[in-house]
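What the coordinates show
These are the residues of each chain, in order.
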Amino acid sequence: MPFTRLIEVGRVAMVNYGKDYGKLVVIVDIVDQARALCDGPDMVRQPMYFKRLALTQFTVDIPKSPKKKVLLQSLNDSGVFAKFGATVWGQKLAKRKAKESLCDFGRFKTMIAKKAKSAKAR
Amino acid sequence: CLPWGEREKRAEDAGAGRRRSARRGTGERSGMARSAEYLARGIEAEGRSKSYRRRGLWAIKKKHGGKFPKTAKKQAMEEDSKAKSPRFYAPEDAKKPLARRFKERPTKLRSSITPGTVLVLLAGHFKGKRAIFLKQLPSGLLLVTGPYAVNGVPLRRVNQAYVIATSAKVDVSGVNVSKFDDSYFKAPKKEKKGDDSVFKEGVAKKELSPAYLENQKKIDADLKKVIGKVDHMEAYLKAHFSLKDGDRPHLMKF
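Reading guide: rules and limits
Residues numbered from 1 in each chain as written. Chains lettered and ligands numbered in written order. Predicted model: local features only at pLDDT ≥ 70, side-chain atom pairs only at ≥ 80, totals over all residues. Heavy atoms only, no water. Core = buried A, V, L, I, M, F, W, Y, C linked by side-chain atoms within 4.5 Å. Buried < 20%, exposed > 50% of the residue type's maximum accessible area, 1.4 Å probe, protein only. Helix = DSSP H or I, 4+ residues; strand = E, 2+ residues; numbered from the N terminus. Contact = heavy atoms within 4.5 Å. Pairing = 2+ DSSP bridges. Axes fitted to C-alpha atoms, helices over the stretch in contact; angles between N-to-C directions. Expected span 1.5 Å × (residues − 1). Buried area = accessible area lost by both parts, 1.4 Å probe. Salt bridge = Lys/Arg side-chain N within 4 Å of Asp/Glu carboxyl O. Polar contact = N/O pair within 3.5 Å; in protein donor to acceptor, adjacent residues only side chain to side chain. Arc of directions from axis to C-beta.

What follows is about the nonpolar core. Counting 24 residues, the largest nonpolar core has Leu134, Leu143, Ile219, Leu223 and Met233 of chain B as its most contacted members. For this core, the leading source of residues is helix α9 (residues 210-228) of chain B, giving four residues. Contact partners of Met233 of chain B, with chain neighbours within four places excluded, come to Phe105 of chain A together with Val118, Ala168, Lys169, Val170 and Ile227 of chain B. Val26, Val28, Leu75 and Phe84 of chain A belong to the second-largest nonpolar core, a separate cluster that totals 13 residues.

Residues and elements named next belong to chain A. Reading across the sheet, the five strands line up as β4-β3-β2-β1-β5 and stay open at both edges, with antiparallel pairing between neighbours. Across the chains shown, the open sheet's two edge strands, defined by having one partner strand only, are β4 (46-49) and β5 (53-59). Sheet twist, expressed as the average angle between the axes of neighbouring strands with direction ignored, equals 50 degrees. Where strand β1 (residues 11-15) lies against β5, four bridges are found, and the strand directions are antiparallel. When the bridges of β5 are listed, Met14 appears paired with Ala54.

Here the focus is helix α3 (residues 88-100) of chain A. Its 13 residues place the ends of α3 of chain A 18 Å apart at the C-alpha level, agreeing with the 18 Å of an ideal helix rising 1.5 Å per residue. Buried residues are scarce in α3 of chain A, accounting for one of its 13 residues.

Attention now moves to the interface of chain A and chain B. Counting from both sides, the interface comprises 10 residues of chain A and, opposite them, 16 residues of chain B. Roughly 980 Å² is buried in total at the junction of chain A and chain B, and carbon and sulfur atoms are behind 65% of that figure. Ranking the residues of chain A by area buried against chain B places Asp104, Phe105 and Phe108 of chain A at the top, with a combined share of 56%. Applying the counting rule to chain A against chain B returns one salt bridge. Note that Arg130 of chain B and Asp104 of chain A form a salt bridge whose closest N and O atoms lie 3.1 Å from each other. Linking chain A with chain B are four residue pairs in polar contact (both at pLDDT 80 or more).

This next bit is on the pattern of salt bridges. Between side chains of opposite charge, a pair can form as their charged atoms come close. In total, this model carries 13 salt bridges over all chains according to the counting rule given. Of the charged contacts, one joins Arg11 of chain A and Glu8 of chain A as a salt bridge, the two residues approaching to 2.7 Å between their closest N and O atoms. The exposure class assigned to Arg11 of chain A is buried, which follows from its relative accessible area of 5%. Accessibility expressed as a relative area gives 28% for Glu8 of chain A, which makes it partly exposed. The partner of Lys224 of chain B in a salt bridge is Glu234 of chain B, and the shortest N-O contact between them spans 3.8 Å. With a gap of 10 residues between them, Lys224 of chain B in helix α9 and Glu234 of chain B in helix α10 (residues 233-238) connect regions that are remote in the sequence. Overall, the relative accessible area of 46% leaves Lys224 of chain B in the partly exposed class. When salt bridges that share partners are traced, they join Asp39, Arg45 and Lys68 of chain A into one network.

Turning our attention to the pairing of strand β3 (residues 35-39) of chain A. Residues and elements named next belong to chain A. Counting buried positions over the five residues of β3 gives four, a clear majority of the element. Across four bridges, strand β2 (residues 24-30) lies against β3 in antiparallel orientation. The residue bridging Asp29 from the neighbouring strand is Leu37, located in β3. Here β3 hands over to β4 after six residues, with Asp42 in that stretch at a positive phi of 65 degrees.

Here we take up the side chain of Asn215 of chain B. Residue and element names in this part refer to chain B. For Asn215, the position within the fold is in helix α9. When its relative accessible area of 11% is taken as the criterion, Asn215 is described as buried. Setting aside chain neighbours within four positions, we find Asn215 in contact with Leu155, Lys179, Phe180 and Tyr184.

Residue and element names in this part refer to chain B. Judged by which residues are buried, strand β5 (residues 142-145) turns out to be covered on both faces: Leu142 and Val144 on one side and Leu143 and Thr145 on the other are all buried. Pairing of strand β4 (residues 130-136) with β5, which is carried by four bridges, proceeds in the antiparallel orientation. Within the sheet, the bridge partner assigned to Lys135 lies in β5 and is Leu143. Here β4 hands over to β5 after five residues, with Gly140 in that stretch at a positive phi of 105 degrees. Here β5 runs beside strand β6 (residues 156-158); their pairing, made up of three bridges, is antiparallel. Bridge pairing in β6 places Leu142 opposite Val158.

Note that an α-helix has 3.6 residues per turn; residues three or four places apart therefore point the same way. All names here are of chain A. All of the buried residues in helix α1 (residues 68-78) are Leu71, Ser74 and Leu75. Looking down the long axis of α1, one finds its buried residues gathered within 105 degrees of arc, a one-sided arrangement. Summarising the geometry of α1, the exposed residues directed more than 90 degrees from the buried face are Lys69, Asn76 and Asp77. Those residues of α1 that are buried are in contact with β2, β3 and α2 (80-86). Downstream of α1 by a residue or two, Gly79 has a phi angle that is positive, lying close to 65 degrees.

Moving on, we get to the sheet that holds β6 of chain B. Residue and element names in this part refer to chain B. Taken together, five strands build an open sheet; the order of strands is β6-β5-β4-β3-β7 and the sheet is antiparallel. The open sheet has two edge strands, β6 and β7 (163-169), and neither has a second partner. Sheet twist, expressed as the mean angle between neighbouring strand axes with direction ignored, is 45 degrees. Direction of pairing for strand β3 (residues 117-121) relative to β7: antiparallel, over a ladder of four bridges. Following the sheet pairing, Leu121 is matched in β7 by Val163.

See the structure below:
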């Protein structure tokens, strides 16, 4: 099967490693065989290794190396972040985040809910 | 002491005027009409009689009946030293304890602990239980209760260090805890063991005073109303806290 998610200008990727771990970035240019220039909201445009990026299924229609303002505009217009949040991957991440941010009382309540649910299933 | 006339001669030579201006720094002396100059270290510009006259010591003596005034303490000291020389001189200097300058204050309360916070008790008889924080006592300890009717934790003092503050809070503004302070909880002094203690049959069971039980009941009743307002709060307070498989305390938010 051929590769469908390619490193290309406009590809949206999630940073897998490093300071910007977990951020969605857009590939804005290719540097060399191993690195791409990435940019996104809340970050400085910087080269990133391919290996540190997890490619998503989304691309944004942008020219090579657009101005930050242009990039942000196209991100807003395309609604990529919302679309990503709606994917299975995005939902998993959201669930994980919600679980992590639970307080002690929250954990207690989910435990009760889980027990009630399984009791009903039986 | 210099021979007569030497002083004046040296003053001119050495340019006492310069030195005088240099010495005019200090606040006390600049108020005086004329500062005492010096020619060189240890050699004053004006002699004893001149400085005596300038300083007006004759006037002070006159004012106090021909003698210099002495402070009472110094007088007493002089009298003492005249009276008796001590029989014993300590071979080493007596050590003085270091000065302790601090204000006694109750321990600084963590910002996460406010009245009504549910705390997890980590040590002591009630470890693992969740209790409601009522107020900080003047000693710094936290006043806490289960409430007793819910999970068996009575009105009790607890150290802040042995407690996890959760973010769950209950509204205790209507609960009056002003009458509880450290003396309410102070344990009565144990009787000193005499010779009979070995032969005494068992220890008398500690009886709780009815006032104590009344207070607990009242607080419980007040709190029960508030706890009922939050879903699952009573069950939460009844439950014990424990770490389970997969729990990572350093990543857990409370």
